[in-house]
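# What the coordinates show
Read off the chains here:
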Amino acid sequence: MIQTIPAIAYILLGYILKATHGHLYVKELVILTVISFALVVYHFCQAEQPSRKQNQGFIGIYLAFSIMILSSTELIYAGDNVWAAAIELIADIQIVFPLLYGFLEIRKQYQYQTQLLGLSVLSMVVMFCLVPLASPDPFIDVFVVTNHAIDSLFSGINPYNTEYPDIYQGALGYSPDFVYWPGLLYPMILIKKILHLDVRYTQILSILAAILLLTGFDFSHSNSTSKQLRNSLMFLMMPIAFFVLEQAWLDSIMFPFIVLLFEGIKCKSNAMTGLSLGYLAASRQTNLLLIILVLSYLWRHFKSRSLIKVIGYAGLMFGVLMLPFWLWDFPAFLQTTVLQVLQYRPSTDSLSWSAYLWAYHQFLLNSSLLLVLALLMSLILGYRAKTIAQLTFGTLLTYFFFFLTLKQAYCNYYYYLSFYLFLFLYYTSSKNKDISVSLSRFSTEQPKTS
């Protein structure tokens, strides 16, 4: 029974995020917290193993997410147009695929399953591509600020030191700014200014790139096409993904680099590991937790020489991405992306206990203490991890604690978190020994030396 906890948690996480869109609902917040405790229990009671009922677990996720997507009116906030109607039509048709897949599984007729999965993946990709057309101008500050930041940059104005339109007219209690680090800005410049597409196609291409990367690494281990399609669907069908895309949140841009990071660690590539780690370090402030997790893992399992090379590659990538804006106006960069963010008050409408305590009791949690606890968790769980799967699971637990106690934790934060749970399911469901069993050979082939 305990082996089913991650799959059940994945389904419940998808349901809660779709039902709340990341807003504060006490019942859902309690359920989310219970899920985190269940995952902690799983972590201490069950070493990861490939489940003997892998396909049955997939069918449960496949059917549950298809049912959630079937309620297409809550997927995005699009108006009435032909593209929104097309998304609803595909969402309605999508329920057929898991029903047919389950029927063939029961009848042990597997010859058409791969084709069904392929059609299902294609339908999800089409839905993603239609979202910017169905909702071309979402009313959210992230979309407005991101476009304004790119336009400002091409006008010779520092995006970290300029005024942005305040579409909420002061309701947030602080002025809008581009608070993301430049690692997320560069890919969007390519899409918007060079390809002349909606900036949200950056997120779509990133999601597809993450899937293609996982598929490519799977091919190197001779996994079946059907297995690769099942993995792709588990990721693509997370119901909140469409809303996160519509609202132009940027977290999914990091997904392919997270894949490169873990695969780089797995294949012991210093360059791949370091460069992807450097990119992630230059993309989001909260990735500090991931950096500590990974470095503490590498400290235990890699040779000192390899660890130094990884840090060197990471530092090089981090410097290349950050240095232009540091040289341009470092005080403005620091003020906008760090000091100002640290001064934010808790939201009254985000899915975290800090938001709940502030909204209902006007009580402020000690954010500095909680950050220290999260950093300690990342250090301990990274060092304790013996496999890539355990490393992804440790990352999941750390971010779960961090987001549940964060001042502002909207649905894009939990969508980012869900990617680590997906990766854990991906790594533990593989039949390939190199992926799913202990990588303890790191400690024998690459012992840490002084």
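Conventions we followed
- Along each chain, residues carry numbers from 1 onward, in the same order as the chain's sequence is written.
- Reporting in this predicted model follows two pLDDT cut-offs: at least 70 for local features of residues, and 80 or more for side-chain atom pairs to be given and counted; totals over whole chains, interfaces and linings ignore these cut-offs and use all residues.
- The side-chain figures draw on all heavy atoms in the structure; neither hydrogens nor water molecules are used.
- Orientation is described by lines fitted to C-alpha atoms, with helices fitted over the stretch in contact, and by angles between N-to-C directions that extend from 0 to 180 degrees.
- For the purposes of this entry, the term helix denotes a DSSP run of H or I that reaches at least four residues, the term strand denotes a run of E that reaches at least two, and both are numbered from the N terminus.
- These descriptions rest on fixed angle ranges, namely under 35 degrees for roughly parallel, over 145 for roughly antiparallel, 65 to 115 for roughly perpendicular, and the rest for oblique.
- Handedness of a crossing is defined here by the sense of rotation of the near helix relative to the far one, left-handed for an anticlockwise turn of less than a right angle and right-handed for a clockwise turn.
- Any pair of residues with heavy atoms lying within 4.5 Å of one another is described as a contacting pair.
- In this scheme Phe, Tyr and Trp rings, the latter by its six-membered ring, pair at centre separations within 6.5 Å, and the angle between planes marks the pair as stacked below 30 degrees, edge-to-face above 60, and tilted otherwise.
- A ring is scored as having a charge over it whenever the NZ atom of a lysine or the CZ atom of an arginine sits within 6 Å of its centre and within 35 degrees of its normal.
- Expected helix span is given by 1.5 Å per residue-to-residue step, counting one fewer step than there are residues.
- Classification of residues uses two cut-offs on accessible area relative to the type maximum, computed with a 1.4 Å probe and protein chains only: under 20% is buried, over 50% is exposed, and between them is partly exposed.
- Note that patches include only residues with greater than 30% relative accessible area and no salt bridge, and the join distances are 9 Å for like charges and 5 Å for nonpolar side chains (Val, Leu, Ile, Met, Phe, Trp, Tyr).
- Values of accessible area rely on a 1.4 Å probe in the Shrake-Rupley scheme; residue burial ignores everything except the protein chains shown.
- We count a salt bridge whenever a side-chain nitrogen from Lys or Arg sits within 4 Å of a carboxyl oxygen from Asp or Glu.
- Pairs of N or O atoms within 3.5 Å make up the polar contacts considered here, provided that, within protein, one atom can donate a hydrogen while the other can accept it, and that residues adjacent in sequence are counted only when both atoms are side-chain atoms.
- To form a nonpolar core, buried Ala, Val, Leu, Ile, Met, Phe, Trp, Tyr and Cys residues must be joined to one another through side-chain atoms within 4.5 Å.

### Considering the packing of helix 2 (residues 26-45) against helix 18 (residues 388-404)
- Their axes nearest at 11 Å, the elements helix 2 and helix 18 cross at an angle of 150 degrees. It follows that helix 2 is roughly antiparallel to helix 18 by the angle criterion. The crossing of helix 2 and helix 18 is left-handed. Mapping the contact onto sequence places Leu29, Leu32, Thr33, Ile35, Ser36, Leu39, Val40, Tyr42 and His43 in helix 2 and Phe393, Leu396, Leu397, Phe400 and Leu404 in helix 18.

### Some words on the packing of aromatic side chains
- Per the stated rule, a full pass over the model turns up 39 aromatic pairs.
- Between Tyr62 and Tyr101, the aromatic rings sit 6.1 Å apart at their centres with planes inclined by 75 degrees, giving edge-to-face as the arrangement. Of the two residues, Tyr62 is situated in helix 3 (residues 54-70) and Tyr101 in helix 5 (residues 96-106); the sequence distance between them amounts to 39 residues.
- Above the plane of the ring of Phe154 lies Lys193, whose end atom (NZ or CZ) is 5.5 Å from the centre.
- Above the ring of Tyr413, the side-chain terminus of Arg284 is found at 5.0 Å from the ring centroid.

### Some thoughts on helix 18
- Compared with the 24 Å implied by 1.5 Å per residue over 17 residues, the 24 Å span of helix 18 between its first and last C-alpha is a close match.
- Burial within helix 18 is extensive, with 15 of its 17 residues counted as buried.

### Considering a nonpolar patch on the surface
- A surface patch of nonpolar side chains, about 510 Å² in accessible area, is lined by Leu369, Val372, Leu373, Leu376, Leu379 and Ile380.
- On the basis of relative accessibility, which here comes to 48%, the residue Leu369 falls in the partly exposed class.

### Remarks on helix 16 (residues 353-361)
- Among the residues of helix 16, Ser354, Ala355, Tyr356 and Trp358 are the ones counted as buried.
- Against helix 2, helix 17 (367-384) and helix 18 lie the buried residues of helix 16.
- Positive phi shows up at Gln362, right after helix 16, with a value of about 55 degrees.

### With respect to the pattern of salt bridges
- Throughout the structure, instances matching the rule amount to 4 salt bridges.
- One salt bridge in this structure joins Glu263 and Lys266, with 3.0 Å as the shortest N-O distance. On the criterion of helical spacing, the pair formed by Glu263 and Lys266 is a turn pair, its members being 3 residues apart in helix 12 (residues 255-266).
- By relative accessible area, Glu263 is classed as buried at 2%.

### Looking at the side chain of Gln340
- Positionally, Gln340 belongs in helix 15 (residues 304-342).
- A polar contact of 2.9 Å, which involves the side chain of Gln340, links it to the side chain of Asp177.
- If near-sequence neighbours (up to four positions away) are discounted, Gln340 is found in contact with Ser175, Asp177 and Gln335.

### So, the nonpolar core
- Counting 141 residues, the largest nonpolar core has Phe178, Ile258, Phe262 and Phe403 as the members making the most contacts within it.
- When residues of this core are assigned to their parent elements, the largest contribution, 15 residues, is made by helix 19 (residues 411-429).
- Setting aside its immediate chain neighbours within four residues, Phe262 contacts Leu290, Ile388, Leu391, Thr392, Thr395, Tyr420, Leu423 and Tyr427.

### Observations regarding unusual backbone geometry
- Its identity is not glycine, yet Lys268 carries a phi of approximately 60 degrees, on the positive side.
- Along the chain, Lys268 falls in the loop between helix 12 and helix 13 (270-281).
- For Lys268, a relative accessible area of 27% translates into the label partly exposed.
- Even without glycine at this site, Gln362 takes up a positive phi of about 55 degrees.

### Here we look at the side chain of Thr428
- For Thr428, the location among the structural elements is in helix 19.
- Of the residues examined, Thr428 reaches a relative accessible area of 8% and is grouped as buried.
- At a separation of 2.8 Å, a polar atom in the side chain of Thr428 contacts the main-chain carbonyl oxygen of Phe424.
- Within the local environment of Thr428, its side chain forms a polar contact with the backbone oxygen of Leu425, the two atoms lying 3.4 Å apart.

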